[in-house]
Amino acid sequence: MTLYTIDKALWCKVFPTSLQEGPLGWFTKLITNYVGSLKDPTTKFITQYATSRPHHTSSLSLLNVKLEKGDSLWTFMDIFNKVCMGIKNLMLEIAMHHLVGAIRRGKFIESLIKRPAKDMDELRTRATMFM
């Protein structure tokens, strides 16, 4: 349902119908008939659920992806690719830098140092050849 109105009193009446489970329970526990201003419940709601907001992944997330002892290149590349896909506008150079730093040695890294990948697809293809 789309509500086409600028009447804030109506928005206040309809707002609880847009909530489910946890947020609805929290909202109904607010002081009944409390109407200091629309700003008060809005501020409380944002404060209560600020940590529920999705956070944006940055290239710094790649620092946490490392090839641990005993892990296969397949497992590492699977995790690395998932993190890369979650980063908007990831530059290939940054991904390559983190990849080389995470793996450090081996034939795959040596091949990337000798001839860097042109794009992420080539990087994935070449990693598959070494798996």
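Up top is the structure these notes are about.
Calculation criteria
- Residues numbered from 1 in each chain as written.
- Predicted model: local features only at pLDDT ≥ 70, side-chain atom pairs only at ≥ 80, totals over all residues.
- Heavy atoms only, no water.
- Phe/Tyr/Trp six-rings, centres within 6.5 Å; stacked < 30°, edge-to-face > 60°.
- Helix = DSSP H or I, 4+ residues; strand = E, 2+ residues; numbered from the N terminus.
- Buried < 20%, exposed > 50% of the residue type's maximum accessible area, 1.4 Å probe, protein only.
- Axes fitted to C-alpha atoms, helices over the stretch in contact; angles between N-to-C directions.
- Left-handed = near helix turned anticlockwise from the far one by under 90°.
- Contact = heavy atoms within 4.5 Å.
- Nonpolar A, V, L, I, M, F, W, Y, C, P; charged D, E, K, R; others polar.
- Expected span 1.5 Å × (residues − 1).
- Arc of directions from axis to C-beta.

Turning to the packing of aromatic side chains, a few remarks are in order. This structure, assessed with the given rule, holds two aromatic pairs. Ring centres of Phe76 and Phe80 lie 5.7 Å apart, and the angle between their planes is 25°; this geometry places the pair in the stacked category. Here the residue Phe76 and the residue Phe80 both occupy positions in helix α4 (residues 73-85), the gap between them amounting to four residues, near one helical turn. An identical accessibility class is assigned to Phe76 and Phe80; each is buried. Look at Phe108 and Phe130: their rings are 5.6 Å apart centre to centre, the planes differ by 50°, and that puts the pair in the tilted class. Note that Phe108 is positioned in helix α6 (residues 107-114) and Phe130 in helix α7 (residues 120-130), a separation of 22 residues in sequence.

What follows deals with the packing of helix α5 (residues 92-103) against α6. Each pair of packed helices gets described by two things: the angle between the helix axes and the distance between those axes. Contact geometry of α5 with α6 gives a least axis separation of 10 Å together with a crossing angle of 145°. Handedness of the crossing formed by α5 with α6: left-handed. Between α5, through Met96, Leu99, Val100 and Ile103, and α6, the contact on the second element is made entirely by Phe108, Ile109 and Leu112. Split by residue class, the contact of α5 with α6 holds seven nonpolar, no polar and no charged.

It is worth spelling out unusual backbone geometry at this point. A positive phi angle is found at Asn89, which is not glycine, with a value near 55°. Within the fold, Asn89 resides in the loop between α4 and α5.

Between its first and last C-alpha atoms α5 spans 16 Å; for twelve residues at 1.5 Å apiece the expected length is 16 Å, and the two agree. Regarding α5, the residues found buried are Leu92, Ala95, Met96, His98, Leu99, Ala102 and Ile103. Across the axial projection of α5, the buried residues extend over an arc of 165°, all falling on one side. In α5, the exposed residues that point more than 90 degrees away from the buried face are Glu93 and His97.

To continue, consider the environment of Tyr49. By the secondary structure assignment, Tyr49 is in helix α3 (residues 39-49). Separated by 26 residues in the primary sequence, Tyr49 and Pro23 have C-alpha atoms spaced 8.4 Å apart. Beyond its immediate sequence surroundings of up to four residues, Tyr49 is in contact with Gly22, Pro23 and Trp26.

Looking now at the environment of Trp26. Topologically, Trp26 is positioned in helix α2 (residues 21-28). For Trp26, a relative accessible area of 17% puts it in the buried group. A sequence separation of 22 residues divides Trp26 from Gln48, and the C-alpha atoms of the two residues are 8.9 Å apart.

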